[in-house]
Amino acid sequence: MDISVAKKGGHVVYLNYNRDIETEIISKEEANEKALKFLEERGYKDMKETYYLTNQGIVTINYAYQQGEVICYPDLIKVKVALDDGEIIGFESTGYLNCHTTRNLDENIISVNVAREKINKNLEITSERLAIIPTEYDTEIYCWEFQGKVKDNEFLVYINANTGKEEDILVIINTPNGTLTT
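Summarised in this report is the structure supplied together with it. These numbers were taken from a predicted model, which means no experiment stands behind them.

**Remarks on the overall build of the protein chain**
Part 1 of the argument: Tallying secondary structure elements over the protein chain gives three helices and 11 strands in all.
Part 2 of the argument: The C-alpha radius of gyration of the protein chain comes to 18 Å, within 12% of the 16 Å expected for a compact globule of 182 residues.
Part 3 of the argument: If you line up the protein chain on its principal axes, its C-alpha atoms span 50 × 40 × 25 Å.
Part 4 of the argument: Relative to its full complement of 182 residues, the protein chain shows a buried share of 41%.
Part 5 of the argument: For the protein chain, the proportion of contacts with a sequence separation of at least 24, taken over those separated by at least 6, is 47%.
Part 6 of the argument: When the accessible surface of the protein chain is summed, it comes to about 10800 Å², and 46% of that surface belongs to carbon and sulfur atoms.

Quick look at the structure:
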């Protein structure tokens, strides 16, 4: 077992336990329940599943902190669950430990309707919500997140909630082993 603990605060930053997993008995939903319980018991509250990937009998689930109705992607935790018995065999909290704070969210933002007008009209919107997204410059942007489809392709589109500027577009890739973004 490998484990890394932060000097400041004594928080577990990384945990990995490699073992063979012969059978998959636990469903992804059961694994999610076990991972959420694991997080709550360690003081990580208001975490929401975002994406997951299953590989060799292990499901790795990404969780982001949710402040009210706003999903905060920089505050990310990854939990690995063995699908044979539901044991937590991995944990990585660098994003959460480095970024987590209670944010002062601006209430004077553009409406969801104004943000929706900035999106390609061919996108068939399936969901919309507020989100905090990280940038490559270690900053954050408060956005409207729109999930939708164009033909058979799924996308996430991020519109800045303050300026209305399109900030990012991600392609969602659904595979038999999980959901990823590029």
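On we go from here.
**As for the pairing of strand S6 (residues 88–92)**
Part 1 of the argument: Counting buried residues along S6, four of its five residues qualify, which places the element largely inside the surrounding structure.
Part 2 of the argument: Pairing geometry for strand S2 (residues 12–16) and S6, over three bridges, is antiparallel. By the bridge assignment for S6, Asn16 is matched with Gly90.
Part 3 of the argument: As defined by bridge partners, strand S5 (residues 70–82) adjoins S6 across four bridges and the pair is classed as antiparallel. For Lys78, the partnering residue across the bridge sits in S6 and is Glu92.
Part 4 of the argument: The hairpin formed by S5 and S6 contains five residues between the paired strands, and Gly86 there has a positive phi angle of roughly 80°.

**Quick notes on helix H1 (residues 28–41)**
Part 1 of the argument: In this model, H1 (14 residues) spans 20 Å end to end at C-alpha, consistent with the 20 Å of a helix rising 1.5 Å per residue.
Part 2 of the argument: By the burial criterion, the buried members of H1 are Ala31, Asn32, Ala35, Phe38 and Leu39. Axial view of H1: buried residues confined to an arc of 125°, hence all on one face. Of the exposed residues in H1, the ones pointing more than 90 degrees away from its buried face are Glu29, Glu33, Lys37 and Glu41.
Part 3 of the argument: A positive backbone phi angle near 90° is found at Gly43, which sits one or two residues after H1.

**Notes on the environment of Ala115**
Part 1 of the argument: One can find Ala115 in helix H3 (residues 112–117).
Part 2 of the argument: Assessed through its relative accessible area of 0%, Ala115 is described here as buried.
Part 3 of the argument: For the pair formed by Ala115 and Ile159, sequence separation is 44 residues and the distance between their alpha carbons is 6.2 Å.
Part 4 of the argument: Residue contacts for Ala115: discarding those within four places in its chain leaves Ile110, Trp144, Phe146 and Ile159.

**Side note on the pattern of salt bridges**
Part 1 of the argument: Under the counting rule described, the total for this entry stands at 11 salt bridges.
Part 2 of the argument: Notably, a salt bridge pairs Arg19 with Glu87, separated by 2.9 Å at the nearest N-O pair. With a gap of 68 residues between them, Arg19 in the loop between S2 and H1 and Glu87 in the loop between S5 and S6 connect regions that are remote in the sequence.
Part 3 of the argument: Residue classification places Arg19 among the partly exposed residues on the basis of a relative accessible area of 21%.
Part 4 of the argument: Residues Glu128 and Arg116 are paired through a salt bridge, measuring 2.8 Å at the closest nitrogen-oxygen approach.

**Overview of unusual backbone geometry**
Part 1 of the argument: Its identity as a non-glycine residue notwithstanding, Asp46 has a phi of 60°, on the positive side.
Part 2 of the argument: Within the secondary structure, Asp46 sits in the loop between H1 and strand S3 (47–55).
Part 3 of the argument: A relative accessible area of 48% means that Asp46 is categorised as partly exposed.
Part 4 of the argument: Here Lys151, not a glycine, exhibits a phi torsion of approximately 55°, which is positive.
Part 5 of the argument: Structurally, Lys151 is set in the loop between strand S8 (140–150) and strand S9 (153–160).

Cut-offs used in this document
- Residues numbered from 1 in each chain as written.
- Predicted model: local features only at pLDDT ≥ 70, side-chain atom pairs only at ≥ 80, totals over all residues.
- Heavy atoms only, no water.
- Helix = DSSP H or I, 4+ residues; strand = E, 2+ residues; numbered from the N terminus.
- Rg over C-alpha atoms; globule rule 2.2 N^0.38 Å.
- Buried < 20%, exposed > 50% of the residue type's maximum accessible area, 1.4 Å probe, protein only.
- Contact = heavy atoms within 4.5 Å.
- Areas by Shrake-Rupley, 256 points an atom, 1.4 Å probe, with all protein chains shown as cover.
- Pairing = 2+ DSSP bridges.
- Expected span 1.5 Å × (residues − 1).
- Arc of directions from axis to C-beta.
- Salt bridge = Lys/Arg side-chain N within 4 Å of Asp/Glu carboxyl O.

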